[in-house]
Amino acid sequence: MDIAQEIAIYLRARPHLTAIYIAAPLEEATLIEAIKNELKDEFPIFTGESLLQYMLDAYPNCEWMKVSYS
C-alpha cells in the first residue's frame, strides 16, 4: 500500500518518532486497518479506538467514562 510505505519512509527518516497516531473519520476505517496491518511489525500505531481503551483502563472509576462508554 502506497500510503503505508510513505508513512514508513517518513518515520524511518526521523528515528526520534517511534510511533504514530492516526485520527480519521469512521468512513476510513478500512484504509486505517490496512495501514495498521502493513506497518504493525515495524511501528506501534495508535487510533481513537486504542486511545479510548487506554482511557477506560487508566481511569476505571471515572463516572463520565462509565456513563458514556459502558
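Before any of the text, the structure's been laid out above.
Quick look at the structure, then. No experiment lies behind these values; they were computed from the predicted model shown.

This brings us to the packing of helix H1 (residues 2-12) against helix H2 (residues 29-39). Look at H1 against H2: their axes get within 9 Å of each other, and the N-to-C directions meet at 50°. On the basis of their axis angle, the class for H1 and H2 is oblique. Crossing angle aside, the handedness with which H1 passes H2 is right-handed. Residues Ile-3, Ala-4, Gln-5, Ile-7 and Ala-8 of H1 pack against Leu-31, Ile-35, Glu-38 and Leu-39 of H2. In terms of residue class, the contact of H1 with H2 is built from seven nonpolar, one polar and one charged.

Right, let's get into the nonpolar core. Counting 11 residues, the largest nonpolar core consists of Ala-4, Ile-7, Ala-8, Leu-11, Ile-20, Ile-22, Ile-32, Ile-35, Leu-39, Phe-43 and Ile-45. When contributions to this core are tallied by element, the ones reaching two or more residues are H1, strand S1 (20-22) and H2. A per-element tally of this core places H1 first, with four residues. Beyond its immediate sequence surroundings of up to four residues, Ala-8 is in contact with Leu-39 and Phe-43.

Calculation notes
Residues numbered from 1 in each chain as written. Predicted model: local features only at pLDDT ≥ 70, side-chain atom pairs only at ≥ 80, totals over all residues. Heavy atoms only, no water. Axes fitted to C-alpha atoms, helices over the stretch in contact; angles between N-to-C directions. Helix = DSSP H or I, 4+ residues; strand = E, 2+ residues; numbered from the N terminus. Parallel < 35°, antiparallel > 145°, perpendicular 65-115°, else oblique. Left-handed = near helix turned anticlockwise from the far one by under 90°. Contact = heavy atoms within 4.5 Å. Nonpolar A, V, L, I, M, F, W, Y, C, P; charged D, E, K, R; others polar. Core = buried A, V, L, I, M, F, W, Y, C linked by side-chain atoms within 4.5 Å. Buried < 20%, exposed > 50% of the residue type's maximum accessible area, 1.4 Å probe, protein only.

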